[in-house]
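Each chain is listed here by its residues.
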Amino acid sequence: MPVAGQTVGIDLGTTNCCVGVWRNNRVEIITDYHGRRAIPSYVAFNETERLMGDAAMSQNAANARNTIFGAKRLIGRKFTDPAVQSNMTHWPFDVVSGPCDNPIIKAHYKGEERHFQAEEICAMILMEMKEITEAYLEKEVKNAVISVPACFNDAQRQATKCAASIAGLNVLRLINEPTAAANANGIDHRGCEKNVLIFDWGGGCLDISLLTLDDEIYEVKASAGDTSLGGEDIDNRMVDYFCIGICEQILRDSKMPKDQVHEVVLVGGSTRIPKLQSMPSAFFDGMELCKRVNPNEAVTFGATVKAALLSGVKSEKLSEILLLDVAPFSLGVESIGGRMITFIRQNNHIPCKKTLTFSVCKDILPSVLIRIFEGEHSMTKDNNFLGEFRLDGVLPLASGQPQIDVTVYVDADGTVTVSAIERSTGKEKKVTVSHDKGLRLLSGRKRGHGYGTLEMYKLSD
Ligand SMILES: Nc1ncnc2c1ncn2[C@@H]1O[C@H](COP(=O)(O)OP(=O)(O)OP(=O)(O)O)[C@@H](O)[C@H]1O
Ligand SMILES: [Mg+2]
């Protein structure tokens, strides 16, 4: 269905941002007032004004404590996250712990100390991109497809959407960066099935995805990466250790022998480092790397194509490609003894939905607490807690009786929704995992008091 208003594709990078629109039957990369196609992801504050992009970056040396960059490395993370702690040691601006363990960025602005969340800084950058585009097109921009690293977790995706919403953008879709890059000009997929490894190494993240491209279906087989390993963090030893390890993991996860990979595409500014070009080539036994893709704009290009398709543009040049992406992490709920019951496995295609039936082990309790986690470990304590909610009015059945159907749904953006229904009464509760409100509120309470725990009953799809 056509979407009202102008839609854009945005690559919201750790170091640089880039926007595209579908115009004159092709992707057009937006240029700023000076003709630049990429905008540095910088925001600076001083006594009189807020500066963005190049203007912010160029006064960095003189105003380092109030020049903010790398906000994508903070978005959706907790202050105590080791990646945040490690980044902070390199940053000249202050980051402190705020409510709910959120990292808060401090800056002096117009004579006052101001506190910003990473979402707010990213929203300022998105707003700048929106304004530049509106000036370029001479019309209002309403909707966006925004790229995120494939290895972004649920909290990071939610926080990116939150930033877009603060910036006044309606997010039609979050698209994984390597998946978007697979849509870029220059990757020829017509005629025969082709396995393509996209290697996206920008300023803040390394993301690798293996896709099978077949005329109208782009299927992500597996994807992996590291959101705390950007071009600014690496030395040669790390390149060998991490990239080869991640390439091997992806081939293993997708059960694809190395010699079945037909093409390796490098995107992202850090892939200009010669060692980063020789390493994947050597790993794939001297394979020549695909040079037809613009490494700086491939992600924007793919996001813009997706934006055009989702906003209902019809064009013979815009072939409707079905993108089958994957869940970056396994998703599940906690069962007795802190066990993780996995509903959706890592690298499962999304959107997807799965229902499992549980009984409640404490048969006299009228409430059951449903706790949701992401991660690959068998015990929930080792995984990432996403949220929890309570289902009231559970009837006192004998322990071990099938009682509650829990459904986990992941949409095309990777957003997680969990619902639980009490079979006998039909009572239902449904929540979208939200990191700002709702779900987390219960986490401060003492657990184990007054709530039953889910106990696995049997598998039922
Ligand atoms: N010629 C070059 N040689 C080495 N490194 C380069 C070169 N050009 C750019 N880079 C590095 O590329 C990085 C920026 O790349 P890019 O703009 O693709 O990142 P990004 O998209 O903002 O980040 P991410 O995708 O990780 O969020 C920086 O770390 C920069 O130092
Ligand atoms: Mg990038």
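Definitions and limits used
- Residue numbers here run from 1 along each chain, matching the order of that chain's written sequence.
- Working convention: letters from A go to chains and numbers from 1 go to ligands, in the order in which they are written.
- In keeping with the predicted nature of the model, local features appear solely for residues at pLDDT of at least 70, side-chain atom pairs appear and are counted solely at 80 or more, and the whole-chain, interface and lining totals rest on all residues.
- Processing note: side-chain calculations cover all non-hydrogen atoms of the structure and skip hydrogens and water entirely.
- By definition, any uninterrupted DSSP run of H or I lasting at least four residues is a helix, any uninterrupted run of E lasting at least two residues is a strand, and each is numbered from the N terminus.
- Only protein chains enter the accessibility calculation, which uses a 1.4 Å probe; a residue whose area is less than 20% of its type maximum is buried, one above 50% is exposed, and one in between is partly exposed.
- Note on definitions: a residue-residue contact is assigned when non-hydrogen atoms from the two residues lie within 4.5 Å.
- All accessibility values rest on the Shrake-Rupley procedure with a 1.4 Å probe; residue burial counts only the protein chains present in the view.
- By convention a nonpolar core is built from buried Ala, Val, Leu, Ile, Met, Phe, Trp, Tyr and Cys residues, the set being connected through side-chain atoms within 4.5 Å.
- Each pair of aromatic rings taken from Phe, Tyr and Trp, with Trp reduced to its six-membered ring, is defined by centres within 6.5 Å and is described as stacked if the planes are under 30 degrees apart, edge-to-face if over 60, and tilted in the remaining cases.
- Over a ring means this: the NZ of a Lys or the CZ of an Arg is within 6 Å of the ring centre and within 35 degrees of the ring normal.
- We treat two strands as partners when DSSP finds at least two bridges between them.
- For this description, a residue counts as near a given molecule or strand if any of its non-hydrogen atoms is within 4 Å of it.
- The nonpolar class holds Ala, Val, Leu, Ile, Met, Phe, Trp, Tyr, Cys and Pro. Asp, Glu, Lys and Arg form the charged class, and all remaining residues, Gly among them, are polar.
- Throughout the structure description, domain borders are defined by an automatic or database domain assignment.
- One number per residue, pLDDT, summarises how confident the predictor is, and it ranges from 0 to 100.
- Fitted lines through C-alpha atoms serve as axes, helices being fitted only where they are in contact, and the angles separating the N-to-C directions of these axes extend from 0 to 180 degrees.
- A side-chain nitrogen of Lys or Arg and a carboxyl oxygen of Asp or Glu constitute a salt bridge if their distance falls within 4 Å.
- A helix is expected to reach a length of 1.5 Å times the quantity of its residues less one.

Q: So what about the overall build of the protein? Which residues, and what values?
A: Scanning the protein from terminus to terminus reveals eight helices and 27 strands. Expressed as a percentage of the 461 residues in the protein, the buried residues total 56%. Within the protein, counting contacts between residues at least 6 apart in sequence, those at least 24 apart form 66% of the total. Within the structure as shown, the protein displays about 19,800 Å² of accessible surface, and the carbon and sulfur contribution to it stands at 49%.

Q: I'd like a description of the nonpolar core, backed by residues and values.
A: One broad trend across soluble globular proteins is that nonpolar side chains are buried collectively. If you look at the biggest cluster of nonpolar residues, it comprises 51 residues, and the most contacted ones within it are Ile10, Phe45, Ile121, Leu126 and Ile146. Here the element with the most residues in this core is helix α3 (residues 118-137); it accounts for ten residues. Filtering out sequence-adjacent residues up to four positions away, isoleucine 146 remains in contact with Ile10, Leu12, Leu126, Thr160, Ala164, Val171, Arg173, Leu174 and Ile175. With 33 residues, the next largest nonpolar core counts Ile29, Leu172, Leu213 and Leu318 among its residues.

Q: Give me the packing of aromatic side chains: which residues, what numbers.
A: As enumerated under the stated definition, the model contains nine aromatic pairs in all. Consider the rings of phenylalanine 69 and phenylalanine 93, whose centres lie 5.4 Å apart with planes at 90°: the pair is edge-to-face. Taken together, the positions of phenylalanine 69 in strand β7 (residues 67-69) and phenylalanine 93 in the loop between α2 (82-88) and β8 (94-97) put the pair 24 residues apart, joining distant regions of the chain. Residue classification places phenylalanine 93 among the buried positions, given a relative accessible area of 3%. Here lysine 258 stacks its cationic end above the ring of phenylalanine 283, 4.4 Å away from the centre of that ring.

Q: So, the sheet that holds strand β13 (residues 194-201): which residues are in play, and what are the values?
A: Across the sheet, six strands lie side by side as β16-β13-β14-β15-β17-β20; this open sheet has mixed pairing. Each edge of the sheet is formed by a strand with only one pairing partner; in this case those strands are β16 (263-267) and β20 (349-350). One ladder, built from eight bridges, connects β13 with strand β14 (residues 206-214); its direction is antiparallel. Along β14, the bridge assignment pairs tryptophan 201 with leucine 206.

Q: Can you break down the environment of methionine 57 residue by residue, with the values?
A: Residue placement: methionine 57 occurs in helix α1 (residues 53-58). Overall, the relative accessible area of 36% leaves methionine 57 in the partly exposed class. Residues methionine 57 and serine 41, 16 residues apart in the sequence, show an inter-C-alpha distance of 8.5 Å. When neighbours within four sequence positions are excluded, methionine 57 is seen to be in contact with Pro40 and Tyr42.

Q: Residue-level account of the site of ligand 1, with values.
A: Around ligand 1, 17 residues are found, and the nearest of them are Thr14, Thr15, Asn16, Lys72 and Gly269. Coverage of ligand 1 by the protein chains reaches 72% of its 650 Å² of free accessible surface. Taken together, the residues that form the shell around ligand 1 break down as two nonpolar, eleven polar and four charged. Counting contributing residues, the shell around ligand 1 receives three or more from each of domain 1 (6-177) and domain 2 (182-299).

Q: Help me get a handle on the confidence of the model for the protein, residues and values and all.
A: Per-residue confidence for the protein averages 88 on the pLDDT scale, and 87% of its residues sit at or above 70. With pLDDT under 50 throughout, residues 436-448 is counted as low confidence; its partners more than four residues away or in other chains account for 25 contacts.

Q: Mind laying out the side chain of asparagine 63, listing which residues take part and the relevant values?
A: Following the sequence through the fold, asparagine 63 ends up in the loop between α1 and β7. Those residues in contact with asparagine 63 that lie beyond four places of it in its chain are Ala44, Phe45 and Asn46.

Q: Now, about the environment of isoleucine 372: what can you tell me, with residues and values included?
A: Looking at the secondary structure, you find isoleucine 372 in strand β22 (residues 368-374). Sequence spacing of isoleucine 372 and glutamate 334 is 38 residues, and the spatial spacing of their C-alpha atoms is 6.6 Å.

Q: Account for the sheet that holds strand β5 (residues 42-45), naming residues and giving values.
A: In space, the three strands of this open sheet follow the order β6-β5-β7, with antiparallel pairing throughout. At either margin of the open sheet sits one strand with a lone partner, and together these are β6 (50-52) and β7. The average angle at which neighbouring strand axes cross in this sheet is 20°, direction not considered. When β5 meets β7, the two strands line up antiparallel, connected through three bridges. Looking across to β7, one finds that alanine 44 is bridged to threonine 67. Docked against the sheet, α3 engages β5, β6 and β7, running at close to 105° with respect to β5.

Q: Quick rundown of the pattern of salt bridges? Include the residues and the values.
A: Going through the model one piece at a time under the given rule, you end up with 20 salt bridges. Note that aspartate 413 and arginine 173 form a salt bridge whose closest N and O atoms lie 3.6 Å from each other. Here arginine 173 lies in strand β12 (residues 170-176) and aspartate 413 lies in the loop between β24 (404-410) and β25 (416-422), a separation of 240 residues in the sequence. Here arginine 292 and glutamate 263 are joined by a salt bridge, their closest N and O atoms 3.1 Å apart. Linking arginine 292 in the loop between α7 (274-283) and α8 (298-310) with glutamate 263 in strand β16, this pair joins segments that are 29 residues apart in sequence. A residue is classified by how much of its surface remains accessible, and arginine 292, at 48% relative accessible area, is partly exposed. Classification of glutamate 263 as buried rests on a relative accessible area of 9%. Put simply, Asp32, Arg36 and Asp54 are held in one network by salt bridges that share partners.

Q: I'd like a rundown of α3, residues and numbers included.
A: Its 20 residues give α3 an end-to-end C-alpha distance of 28 Å, which sits within 8% of 28 Å, the value for a rise of 1.5 Å per residue. With 15 of 20 residues buried, α3 is to be regarded as a mostly interior element. Immediately downstream of α3, the backbone of glutamate 138 shows phi near 60°, a positive value.

Q: With reference to specific residues and values, describe unusual backbone geometry.
A: The omega angle of the peptide bond from isoleucine 350 to proline 351 is 0°, so this bond is cis rather than trans. Residue placement: proline 351 occurs in the loop between β20 and β21 (352-360). Look at aspartate 101: it is not a glycine, yet its phi comes out positive at around 65°. Within the secondary structure layout, aspartate 101 lies in the loop between β8 and β9 (103-109). What makes aspartate 101 partly exposed here is its relative accessible area of 24%. Here asparagine 347, not a glycine, exhibits a phi torsion of approximately 70°, which is positive. Inspection of the secondary structure assignment puts asparagine 347 in the loop between β19 (339-344) and β20.

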